[in-house]
Structure formats: C-alpha cells, structure tokens
Amino acid sequence: LASSIIERRAEAVFAYTPLLSFSENEPNSRVWGEAFPREYSSFLRTTDTTFRSRYNGSGLIDMLEEYPSMAILWAGYPFSKDYRQGRGHQHAIEDIRNTLRTGAPSGDTPSPLPNTCWTCKSSNVPGLIAAEGAAGFYRGTWEKRGAQVTQPIGCADCHDSRTMNLRITRPALKEAFEAMGRDINSVSHQEMRSLVCAQCHVEYYFNKNITPDVQYLVFPWKNGTTLEEMEKYYDDLGFSDWTHGISRAPMLKAQHPDFEVYLTGTHASRGVSCADCHMPFISEGGQKFTDHHIQSSLNSISRSCQVCHREETSRLVADVYQRQDKILENRKILEDMLVKCHFEAGTAWEKGATEAQMKEILNYIRKAQWRWDFAAAGHGNSFHSPVETGRIIASGISMAAEARLRLSRLLASLGSNNEVLLPDISTKEKAQSAAGLNMKKLNEEKAVFLKTVVPEWDKQAGQK
Amino acid sequence: LASSIIERRAEAVFAYTPLLSFSENEPNSRVWGEAFPREYSSFLRTTDTTFRSRYNGSGLIDMLEEYPSMAILWAGYPFSKDYRQGRGHQHAIEDIRNTLRTGAPSGDTPSPLPNTCWTCKSSNVPGLIAAEGAAGFYRGTWEKRGAQVTQPIGCADCHDSRTMNLRITRPALKEAFEAMGRDINSVSHQEMRSLVCAQCHVEYYFNKNITPDVQYLVFPWKNGTTLEEMEKYYDDLGFSDWTHGISRAPMLKAQHPDFEVYLTGTHASRGVSCADCHMPFISEGGQKFTDHHIQSSLNSISRSCQVCHREETSRLVADVYQRQDKILENRKILEDMLVKCHFEAGTAWEKGATEAQMKEILNYIRKAQWRWDFAAAGHGNSFHSPVETGRIIASGISMAAEARLRLSRLLASLGSNNEVLLPDISTKEKAQSAAGLNMKKLNEEKAVFLKTVVPEWDKQAGQK
Amino acid sequence: MLEKPSPPSGWKIPVIIASGIFTGLALFSLYISRATSYLGDNPETCVNCHIMAPQYATWYHSAHRGKTNCNDCHVPHNNVFNKYFFKAKDGLRHATIFSLRKEPQVIFIKEAGAAAVQKNCIRCHKDLITDSRLLTVNTEIVSSRMERSCTDCHRETPHGRVNSLSAVPWARVPLPESPLPHWLNGEKNKRSRKQNRN
Ligand SMILES: [Ca+2]
Ligand SMILES: [Ca+2]
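Residues numbered from 1 in each chain as written. Chains lettered and ligands numbered in written order. Predicted model: local features only at pLDDT ≥ 70, side-chain atom pairs only at ≥ 80, totals over all residues. Heavy atoms only, no water.

A.B. asks: Got a minute to help me understand the overall build of chain C in this structure?
C.D. replies: Secondary structure assignment for chain C yields ten helices and zero strands. The linear arrangement of helices and strands in chain C, starting from the amino end, is α-α-α-α-α-α-α-α-α-α. Looking at chain C as a whole, 30% of its 198 residues qualify as buried. A total of about 13400 Å² of accessible surface is found on chain C, and carbon and sulfur atoms cover 63% of it. (Helix = DSSP H or I, 4+ residues; strand = E, 2+ residues; numbered from the N terminus. Buried < 20%, exposed > 50% of the residue type's maximum accessible area, 1.4 Å probe, protein only. Areas by Shrake-Rupley, 256 points an atom, 1.4 Å probe, with all protein chains shown as cover.)

Written out as structure tokens, the structure reads:
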C-alpha cells in the first residue's frame, strides 16, 4: 500500500521524455509503439470487430444487403458492386484489397481505379508523397503501388515524429484550406484534434485537369463546406462522378462528409472535437493517455460522453438512437423515391423522351440523390448534426418529388400515364442483377486476385 | 445558531401575515398581487409588446401577411380570415375579442364559435367551471359569456390560493391524462412546472358527441402525444375540423402543440420545464423569485439559458436562429407544395374527377397539411424540438409529393396534362380573395361589434 | 481432544518482528498519505490525491474559492459527529479505491455525497431561496423549491462542466511536499528518468 502511494505520487510529478530514434515518416507503427507502448496497444485494438450498435459498430456491415435499393441508386458505378460500413483503422489495407470496387488487377488487366485510392488507407503514404510529390503518388492505376502500400493507417499519418505533435500529412487538406483562403498552419490545437481526421473523413473527388494523366485528390470546399456550397462547386465545374446506368442522370457521389456535417452540429459549435468523442482519455496504471482505439463512441460512453454529460449511459444511448431513428425514417423514404426516379426516367428514355425534355428532370435527380448520399454516407451524421441532416433529407425529398412529378407529366405526354412497374429489388442479389451486374464473374475474379496477386505484394513488401 | 434560525422563522411569521382573504378562484390577479407584489408586478409586464426576435416576440405579428399561402391552406376555415402570432398573457381577452375568427355577434347574429373558445383565455374560467361544470361552461355560442369572461389569464389559472402550490384548473388536461391511463395528481413538482402550461399550450379539438349541444374541449392524447398517435386518434374517429374550400379534403387543424412537441426534445428529456426557460428565477433585493413576465426566452437569456449554458449570448441566440432557419426553409417548401395540392385538386374536381378517384389523394393532402400545421402552429417548435420538427416536415413533404403525383396522373387521365396555373397569392389580400373571402364586410362588421357590443360587456362586468 | 492452538515457540521472535514491521508500515502509510490532514478542512488535503486535482483547480477558479472549502460542500454540517463519521467513511473509501487504482476515468458524485452537497448549498444560500412571506402561507412550497438539485440549473458550479481525471492536465495545483529526504528524492528522480528513456 505504502509503496503504491509513493509510486503514485511520483506519477504526479514526472512526465515522460521519450527518445525517438525513428525517421520522420516511419510507416511501421510498431516502431513508434516501442516509445509509446500505451498508445500503441490501444491502437492495436482497432482490429477488434465485435462491437455492434443499432446502426454502426466495428464490424463490416454489408450495406447493400441492409439497403438493397443502394445498388439501384449507384447503378453504373463501382459502389453498386460492393459497399460496406467501415471498420477499425487496422483493417484499412485489408478492406481496400477485398472490395470489389478496386477490381481484380492481374497481368495486363489494370484496376479500374487510380493510386489516389490508397491515399486514405495507409501510413506508407506520407513517406511516398514526401518522396514523389502528391501528383507523383496519385499517378497510375491502383495495383501499381500494391507492394508499396501495405501498412494500415498509423502513427505517421497524424504525428510529427520529433515532437509527437499532431500534423497534417495529406496535401488535399492543405490545398482545400488554401482554396478557402485559410492557412492550415494557423489553426488551434483543439482544431487539430479534428483536422487530423479531416484528412480522410471528408467528401472528395478526383480532378483530372490539374496534372495530365493524374486523378488528383481534391476536397470541393472552395465555396465552403456545406452541402449547397459543395454542390455549387461541382455544378460550376460541370462535374459528375458518373452517368447513371438507368436514368442517365449526371450523378454526384458523396463520400463520408463526416467532418463537414460535424461542423454544422451542436458539438462542433461548442468546440468539441472528433478526438474528444472518438479518442477519449483513459488511465492505465496511473498514466493518462489518449485512447487510440478509435471506434464508435457508444463503446466508450463512460470516458467520452460522460466527461461532459452527467447522464445515465442508457439515456445517452437513447439520445443517439432516437436521432438516428428519426433521420433514417425519412432517409428511407427518399431512398424509395430515388429508386422510382431512376426507373421512371429509364422508362421515359425508352418511350422516346428527348434530351431537352429530360435535362431538368435529370438535374433534379442528381440534386436529390446528392442530398440522400450526403446524409447516408457519413455514418455518424445523424448524431453529429441531426438538424442539418434532417434538413438535407427534407430538401432531397422535395427535389425527388419534383423530378417524379415532371416525369409523370412527361410519361403521360409520351402516352404512358400509369405507375411505372419496378423490378423486384428486395435483396442485394436481385437489386444487383436489376442494376445489370454480373456478380458471379466479379467475385470469381476477385478471389483469384486475392489468392495470387496480394500474397505477391506482401512478399515484396516483406523483402524491403 | 439553532436559536437564531428559530428566531428568524418566527420573525417571518409575525412580520407579515399576508391576508389571503380572497376566494379560491378569485379571478382578479390584482387581489392576489397584494400578497405577492414581486410576482404580480413581473406578471404585469406581459402587457409589453416591444420585443421582437427573428420569428417571434411579444408583438402581434400578422401571420397571413408574412405567409399569404396560409390563407389558401385554411380556405373555408376561420383561420383564413385572421391569424396572428400570439403575445403576452395580459392580452388574451383583447385578442380573442379582436380576432375576425370570433365573428361579429350582435343582436340575433351569434358568433360562429362556442364558449369553449374562452377556456384558455381567462382567470374567470376556473370559477365558472367550478360553478357550472365543464360542459355547462362550454355550452352556447361565444358571445353568451362576453360579460362574464373579462379578466385575462391570471393567478387563479395556475395557483392554489391557500398554499400557492401549482394546480390544474382545466378539465381537458385532467381528462386527457385519464384517457392515457395516467393520474395528474401524482406527477412531480417539476412536471407541474410544465403541466400548468399544458392546460393551454396543446393541440385540441371540440368533440360534439360527449354532451348534446356542447362543443366539448378534448386533447386528442388517448393513444399518446406524438403526431402519429394523435393522427391515428382522429382517423379512428373519422374526425375532421373542416372540409377544405378548394380541394374539398377533410382537413385537420393543428393548434399550438407546444407541450407535445417540447416533450420530444432534448430539454424535456433532461427534465427542463417550460417555467425554467419562460419563467426563470430572478433576484431582486436578496430574494429569488419566479419571473412572471412570461415571454420569448430570447428576451431573458442571461437568466434562463445562461444559468445552464455558460455561453455567450450571441452564441445562444445564433443556436436558436440556426435551428429556426433550417426548419423554416423546408416548411416553406411544404407550404408551397400544399398550395399547389389544393389548387390541383380543385382543378381535378372541375375536370370531373370522381369521389372514388379523389379519396386517397385527399387523404394524402389531409395528412401532409396536418404535418405542416403541427410544425407551424407551435411558434417555439423549431427550437423546442428541432429534430422532431424536421422529421415531421420531411414526412409532410413526402405525402404532399404523393398527392401531387397522383393528381398529375389523374389530371392527365382527365385530359389535362399541364401544370395547373395558380392565382396570384403574393399578398394577404390577394390570397384571401383567392380563398373566396369578402374581407371588407368582415372587417366592417367587426368594427361595429368592437364599438358597440364590447363596451357593453365591460360595463356589465364592471357593475358586478 | 482439541489442542489449544498456540504458536510453536520458535515463532515468537519472527512474529514480534513482523508485527513491528506491520505497525511501522501502517504508521508510515498514515504519515505518507497525510491521513492526519483529513481531520482538517484545508482544500490542499484533497489534492494529496492528484486525482482530486481537477476538482481543486476548478474550485480554485470559481466564485466559491473565496468563501468556501471542499468540506463546506462535501461534508454534512448538521452536527459534529456526523461530519467526522462521513469524512471517515468517505476518506477510507477514497483511499482504498485510490490505492487499488480502481478509480474510474470520470468520477461521479455518489447519492449520499450529492445529498450532502445539496443541503450545503441551501445552508449558505437559504436567504436567497426562501421567501418568508410564502413561508407563512405554505412551508411545503419552500421545500419543494429545494427538492430539485441546485446543480440541475447551476451546472457549472463550482467544478465546471468537463469532468474527468484528465480534465485539467497542466493546472498548477499544490503538490504535496515530498516526504522523502532530498538525497533519496534525487536518486528516484534520476532512476525514473532513466526508466523512461529506455
Ligand atoms: Ca463501423
Ligand atoms: Ca409572440
């Protein structure tokens, strides 16, 4: 007892003075972990996949199985093949290799996607970008760097190795700040506790006009970070991610605008950062440190929420679920309307609608789905900013309604005044086949890729 | 120490023995005020009409002028004649006399409305109900009690005169609790601080089947207090407040569901009561008492919000406005859609649509407008529970959309596949005339009523 | 049949030594943890435990610093015996949990503690919340005003909103003076620095 008291007094007085002998962009987190064993071992826990909340958690939830409509909404785009609710950072490499979206490159067949896809998946990236420049890193198809990018997200992504201060390693975020006329080097420490996340947890697109032959990673924030400001950015650019496979609408894909939506919420306005909820402090053996087991906050309520909220755990969980339920209710309505939009537009083309007749309708579809996706793609949105997410969905519904109304008039004028019949899309399989996908082939090719190409990558990486 | 306390208690008892010589239901607040001068003088300040916030405040805002569409949405119902944003409790009598909704009773012409309308306007009510029973009080047309009900809302409405404890004086609330299987006598003190308000700040309707010839006041809470639960109640009853003047839809009118919406919000879930925000403590001369100047909390931020929230005033005001702005944005969209619904349905009737063809469409219109009204009629809703209010509006939009889609198909089948042209409803006057109202006549009659009948009422009341 | 349980003779000396060590350690523990200081009202006592540092720091930055100490709020003041009984009970629990390192990341006040605090708020601020005029009408109305926790509204009094062991990492709180002699202190310092280097 006495010694425990002595020891703990010592704790109060001393802080560590670690000796860091590794290089600035050391990709291997284990090496950093030798100096910071507590952070490292908590970090390793992101491998855990057991926690499940009502809508999220640390498992890989197959979203197309939960919401088969999504396969229709993304018809003609890789997401209709495969889309899952993400899991812990340690799985980033595994998951990008596994997803059907990256295809099955082998021999002469390249991946349909560029190296830019690696950007947010690995602690190898800061070093490679330092060596080759951003455009240099992005250039080429995805399989090219298969053997170079093998470490999942790690210390080098967020930390300065000399001081352990937080740092920004992804050029896209720096450039987005510049585009907004802001300087990322003059933000507060508390902002950094969210901005390290904003390197990846943001809406993005690939711009092909910045460097020839390169799909350059850009965050579309020039006009600001709200839904409407980003939409204006894309509209001004005449940009679309793809042309829809059924309706032929020029679509936008929203990708995890976690940071942007968070910014509009109560917590952000109170200066609460991502790390406050997803990396709360924890004490182990008398040492306080930041929990690097980044995960759903619902698995750490007593250390995250309750620091600020003196409420029962069950009450706080209910708060989160209530918001998520209320938002999801209308998101599903919008989802259904969009499915109908696409098939109705498809029917209109079949019946001989003209480009001119379809133009505005397709624009409404684009806008409505952009709203739906913006709300759906950020898995924390309904809690991070429920009022904004609700607003977005309501306006999406009104736009999908406008599209359908015009379609119904157009169809009537083309001689078809009945409800358009939908194919059966009640399961993932049925929806994917309605979206025109040959899943058997895709899966088989992928299995070969995973068995032959990937082990080769790992072998090469190991030899280095 | 002990003796000092005893001494001071005695002092308290002997120094003032306020003579509470008034009766249990004394309608005149001035009489109560003699015993409680602090509460009384703050209470008198509800006469003040100068405060204005972005959307609310203590003035009488003419809602039909701000949102002319409302005159269309309520076509065929008294609200299309006149609807204002309420003001302080002291004005309750004045305002119900002034509104065109109560008509211009005189001589043989009765008011179109029953005495039930007085229920929430006056501290004369508890005494009259005690004497004549609830049904007895409600019976007859509104002008019958013009000379009996002349005191605005006052102490007797909320307080027990012997103990000054809070009490429930309106049978409708007791009965609604019974209908829900709850006992209003076994609620906590903190709940009472909201329930006194819930006597009036709730959705209600007049039931004609409880007592013959009486329009009995009922809160439709039997299935619960959410929008859907009340809707089910009305649907099961086959109830509608009126048949719409243009679309002929069987409409529901939502009236200030302040309490019900508040219940779904964050503050209610944390046990914050209406009185906490609208009747905060105030200290004067070393005493803390309840501010009876009930008004927008934005005019008392330092005493209401800031006791719980250590935030800048400007931040708190911005919180409120941001929520209101986000909700209003989509409420207006729904408003526009509903206007179109009514005119499109009107056109469908003109073109010969059948009852059978219209039935479901009209039901969608009923449901969509019920949602719009539920959100709009509670002036605090967008702050009291922004997520719920947003949910309600989004689902309203989806229902209005369904109505319009079906109408467009129906119209096409009736040979009219074009957008229905709307009349000009850009001002209150234009909208009212589009709703078929003869405002000149109504205003003139009202002026006569106010000049001849009302002074007579006051004279009779004074003589008593 | 039953033998009287008596220690074998050879045990005597070691037992005496052992109990000596035990007593010594007990005294040392008392000394080193400044248990004696628990009898007083000095807020510095509470920061004997660095775990109490967040509360100390927030109290120190509150309006209550001037006129109150921890015990004004956290210990019943209705009578002397209750005060010390409560202190002993709480003190022992805190010490045990602390030594076992079982403290949660976020400490919550317990029911008994919260009730004591509530009574203490009222004790000091009674004048403000009692209206003697009302008292003559109805004594209940006053008690009903005191039922609700003061901190439902005064959520930041006095410890602020953010509460966790790590809430005030760099706040300057009075650290207990080292109980070790300087030379030993120095050694220990060096050693642990070294340890950290490795
Ligand atoms: Ca997840
Ligand atoms: Ca008002």
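A.B. asks: Mind showing me how you'd approach the overall build of chain A here?
C.D. replies: Tallying secondary structure elements over chain A gives 21 helices and eight strands in all. Relative to a compact globule of 464 residues, whose C-alpha radius of gyration would be 23 Å, chain A shows 24 Å and is just as compact. In terms of overall dimensions, chain A has C-alpha extents of about 90 × 55 × 45 Å along its principal axes. The buried share among the 464 residues of chain A stands at 56%. Pairs at least 24 residues apart make up 70% of the contacts formed inside chain A by residues separated by at least 6 positions. On chain A, roughly 19400 Å² of surface is accessible, and the fraction owed to carbon and sulfur atoms is 51%. Each charge class in chain A can be summarised by its mean position, and for the 54 positive and 56 negative side chains these summaries are 0 Å apart. (Rg over C-alpha atoms; globule rule 2.2 N^0.38 Å. Contact = heavy atoms within 4.5 Å. Lys, Arg positive; Asp, Glu negative; His and termini not counted. Charge placed at Lys NZ, Arg CZ, Asp CG, Glu CD.)

A.B. asks: Help me understand the coordination of the calcium ion (ligand 2) in this model?
C.D. replies: Perfect tetrahedral coordination of a metal by four donors corresponds to 109.5 degrees between them, and perfect octahedral coordination by six donors corresponds to 90 or 180 degrees. All names here are of chain B. The calcium ion (ligand 2) binds to the protein through Gly-57 (O), Gln-85 (OE1) and Gly-86 (O); the donor distances cover 2.2 to 2.4 Å. Donor residues for the calcium ion (ligand 2) sit on one chain with the sequence pattern G-x27-Q-G. Taken together, the positions of Gly-57 in the loop between helix 3 (37-44) and strand 1 (61-62) and Gly-86 in the loop between strand 2 (84-85) and helix 6 (92-98) put the pair 29 residues apart, joining distant regions of the chain. Look at Gly-57 and you get buried, because its relative accessible area is 14%. (Donors = N, O, S within 2.8 Å, 3.2 Å for Na, K, Ca; no water.)

A.B. asks: I would appreciate a short explanation of the nonpolar core in the present structure.
C.D. replies: A general feature of soluble globular proteins is that nonpolar side chains tend to end up buried together. In this structure, Trp-74, Met-358 and Ile-365 of chain A together with Trp-74, Met-358 and Ile-365 of chain B are the most contacted members of the largest nonpolar core, which totals 102 residues. Among all residues touching Trp-74 of chain B, those that are not within four sequence positions of it are Leu-64, Phe-79, Ser-80, Tyr-83, Trp-242, His-244, Lys-253, Gln-369, Trp-372 and Asp-373 of chain B. (Core = buried A, V, L, I, M, F, W, Y, C linked by side-chain atoms within 4.5 Å.)

A.B. asks: Any chance you could explain the packing of helix 16 (residues 313-350) of chain A against helix 19 (residues 386-413) of chain B here in plain terms?
C.D. replies: In a packed pair of helices, the relevant descriptors are the angle between the two axes and the axis-to-axis distance. Running from amino to carboxyl end, helix 16 of chain A crosses helix 19 of chain B at an angle of 25°, the nearest separation of the two axes being 9 Å. Relative to helix 19 of chain B, helix 16 of chain A is oriented roughly parallel. Like other packed secondary-structure pairs, helix 16 of chain A and helix 19 of chain B cross with a definite hand, here left-handed. Mapping the contact onto sequence places Lys-326, Glu-329, Asn-330, Ile-333, Met-337 and Glu-344 of chain A in helix 16 of chain A and Val-387, Glu-388, Arg-391, Ala-394, Ser-395, Ser-398, Ala-401 and Arg-409 of chain B in helix 19 of chain B. (Axes fitted to C-alpha atoms, helices over the stretch in contact; angles between N-to-C directions. Parallel < 35°, antiparallel > 145°, perpendicular 65-115°, else oblique. Left-handed = near helix turned anticlockwise from the far one by under 90°.)

A.B. asks: Would you explain the coordination of the calcium ion (ligand 1) in this entry?
C.D. replies: Residues and elements named next belong to chain A. The calcium ion (ligand 1) binds to the protein through Gly-57 (O), Gln-85 (OE1) and Gly-86 (O); the donor distances cover 2.3 Å. All donors of the calcium ion (ligand 1) come from a single chain, and their spacing in sequence reads G-x27-Q-G. Note that Gly-57 is positioned in the loop between helix 3 (37-44) and strand 1 (61-62) and Gln-85 in strand 2 (residues 84-85), a separation of 28 residues in sequence.

A.B. asks: Mind showing me how you'd approach the packing of aromatic side chains here?
C.D. replies: Aromatic rings considered in pairs are described by the distance between their centres and by the relative angle of their planes. Scanning the model with the defined rule gives 55 aromatic pairs over all chains in all. Ring centres 6.4 Å apart and planes at 65° place the aromatic pair Trp-59 of chain C and Tyr-60 of chain C in the edge-to-face group. Through successive ring pairs, a cluster of aromatic residues spans Trp-74, Tyr-77, Phe-79, Tyr-83, Trp-242 and Trp-372 of chain A. Taking NZ or CZ as reference, Arg-248 of chain B lies 4.3 Å from the ring centre of Trp-349 of chain B, over its face. (Phe/Tyr/Trp six-rings, centres within 6.5 Å; stacked < 30°, edge-to-face > 60°. Lys NZ or Arg CZ within 6 Å of the ring centre and 35° of its normal.)

A.B. asks: Looking at this structure, I do not really get the confidence of the model for chain A. What am I missing?
C.D. replies: Low-pLDDT portions of the prediction should not be read for the details of their coordinates. Across chain A, pLDDT averages 94, with 95% of residues at or above 70. pLDDT under 50 marks residues 1-17 of chain A. Its contacts with residues more than four places away, or in other chains, come to 39 contacts. (pLDDT = per-residue confidence, 0-100.)

A.B. asks: Any chance you could explain the relation of the copies chain A and chain B here in plain terms?
C.D. replies: Aligned on chain B, chain A shows an RMSD of 0.2 Å; the corresponding rotation is 180° and the shift along the axis is 0.0 Å. Both copies of the chain, as the preceding transformation shows, are related through a two-fold rotation axis. When each C-alpha of chain A is compared by its distance to the rotation axis, Ala-394 of chain A comes out closest, at 2.2 Å. Comparing interface residues between copies, 100% of those in chain A also lie at the interface in chain B; the contact surface is shared. (Least-squares fit on C-alpha atoms with pLDDT ≥ 70 in both.)

A.B. asks: What is the right way to read the pattern of salt bridges from this model?
C.D. replies: It is possible for side chains bearing opposite charge to pair when their charged atoms get close. Using the criterion set out here, one finds 71 salt bridges over all chains in the structure. The partner of Asp-319 of chain A in a salt bridge is Arg-270 of chain B, and the shortest N-O contact between them spans 2.7 Å. With Asp-319 of chain A in helix 16 and Arg-270 of chain B in the loop between helix 13 (266-269) and helix 14 (274-278), this residue pair bridges two chains. Taking relative accessible area as the criterion, Arg-270 of chain B reaches 26% and is therefore assigned partly exposed. In this structure, Arg-170 of chain B and Asp-157 of chain B form a salt bridge, with 2.8 Å as the shortest nitrogen-oxygen distance. In this pair, Arg-170 of chain B is assigned in the loop between helix 8 (155-158) and helix 9 (171-179) and Asp-157 of chain B in helix 8, connecting sequence segments 13 residues apart. (Salt bridge = Lys/Arg side-chain N within 4 Å of Asp/Glu carboxyl O.)

A.B. asks: What is the right way to look at the interface of chain A and chain B in this model?
C.D. replies: How big an interface is tends to be expressed through the accessible area that disappears when the partners come together. Taken residue by residue, the interface counts 35 residues in chain A and 35 residues in chain B. Of the roughly 3000 Å² buried where chain A meets chain B, counting both sides, 52% is carbon and sulfur surface. Our count for the contact surface shared by chain A and chain B stands at eight salt bridges. In this structure, Lys-326 of chain A engages Glu-388 of chain B in a salt bridge whose closest nitrogen and oxygen atoms are separated by 2.9 Å. Joining chain A to chain B, the criterion identifies 15 residue pairs in polar contact (both at pLDDT 80 or more). Elements supplying a minimum of two residues to the side of chain A that touches chain B: helix 13 (266-269), helix 16 and helix 19 (386-413) of chain A. Per element, the largest residue contribution to the side of chain A that touches chain B is 16 residues, and it comes from helix 19 of chain A. (Buried area = accessible area lost by both parts, 1.4 Å probe. Polar contact = N/O pair within 3.5 Å; in protein donor to acceptor, adjacent residues only side chain to side chain.)

A.B. asks: Please explain the state of the cysteines as it appears in this structure.
C.D. replies: Where two cysteines share a covalent bond between their sulfur atoms, that bond is called a disulfide. Residue and element names in this part refer to chain A. Scanning all chains against the criterion turns up zero disulfides over all chains. Cys-200 takes part in no disulfide bond, and the closest cysteine sulfur to it belongs to Cys-120, at a distance of 3.6 Å. Here Cys-277 is not cross-linked by a disulfide; its sulfur's nearest cysteine counterpart is in Cys-305, at 6.1 Å. (Disulfide = S-S within 2.5 Å.)

A.B. asks: Any chance you could explain unusual backbone geometry here in plain terms?
C.D. replies: Negative phi characterises most residues that are not glycine, and trans characterises most peptide bonds. Looking along the chain, the bond that leaves Thr-157 of chain C and enters Pro-158 of chain C is cis, with omega of -20°. Looking at where Pro-158 of chain C falls in the secondary structure, it is placed in the loop between helix 9 (150-153) and helix 10 (182-197). A positive phi angle, near 65°, is found at Arg-248 of chain A, a position not held by glycine. With respect to the helices and strands, the residue Arg-248 of chain A is situated in the loop between strand 5 (242-243) and strand 6 (250-251).

A.B. asks: What should I look at first to understand a nonpolar patch on the surface in this one?
C.D. replies: On the surface, Val-80, Phe-81 and Tyr-84 of chain C cluster together into a nonpolar patch covering about 360 Å² of accessible area. Take Tyr-84 of chain C: it is sitting in helix 5 (residues 80-100). (Patch = residues over 30% accessible without salt bridge, like charges linked within 9 Å, V, L, I, M, F, W, Y side chains within 5 Å.)

A.B. asks: Help me out: how do you make sense of the side chain of Lys-446 of chain A in this one?
C.D. replies: Residue and element names in this part refer to chain A. Its place among the elements puts Lys-446 in helix 21 (residues 439-463). The side chain of Lys-446 is buried and forms no salt bridge, while Asp-82, the nearest opposite charge, is found at 7.1 Å. Not counting chain neighbours up to four residues away, the residues in contact with Lys-446 comprise Arg-97, Asn-98, Thr-99, Leu-100, Thr-102, Gly-103 and Ala-104.

A.B. asks: Would you mind going over the pairing of strand 7 (residues 281-284) of chain B with me for this structure?
C.D. replies: A regular strand places its side chains so that they alternate between the two faces of the sheet. All names here are of chain B. Alignment of strand 7 against strand 8 (residues 287-290), held across four bridges, turns out to be antiparallel. Following the sheet pairing, Ile-282 is matched in strand 8 by Phe-289. Linking strand 7 to strand 8, which pair antiparallel, is a turn of two residues; within it Gly-285 sits at a positive phi near 55°. (Pairing = 2+ DSSP bridges.)

A.B. asks: Just to check I follow, could you spell out the environment of Gly-352 of chain B for this structure?
C.D. replies: All names here are of chain B. Turning to its location among the elements, Gly-352 is positioned in the loop between helix 16 (313-350) and helix 17 (355-377). In this structure Gly-352 comes out as partly exposed when scored by relative accessible area, which is 45%. C-alpha of Gly-352 to C-alpha of Pro-386: the two residues are 34 residues apart in sequence and 42 Å apart in space. Here Gly-352 is in contact with Gln-357 and Leu-414, once residues within four sequence places are set aside.

A.B. asks: Help me understand the confidence of the model for chain C in this model?
C.D. replies: All names here are of chain C. For chain C, mean pLDDT is 73; residues scoring 70 or higher make up 67% of the total. Mean pLDDT in chain C bottoms out at helix 10, which sits at 40, and peaks at helix 4 (residues 70-74), which reaches 93. Counting contacts from residues 28-38, a segment whose pLDDT is below 50, to residues more than four positions away or on other chains yields 22 contacts. Across residues 183-198, confidence stays below pLDDT 50; counting only partners more than four residues off in sequence or on other chains, it has twelve contacts. Interface confidence for the predicted complex, expressed as ipTM, amounts to 0.89; the pTM equals 0.91.

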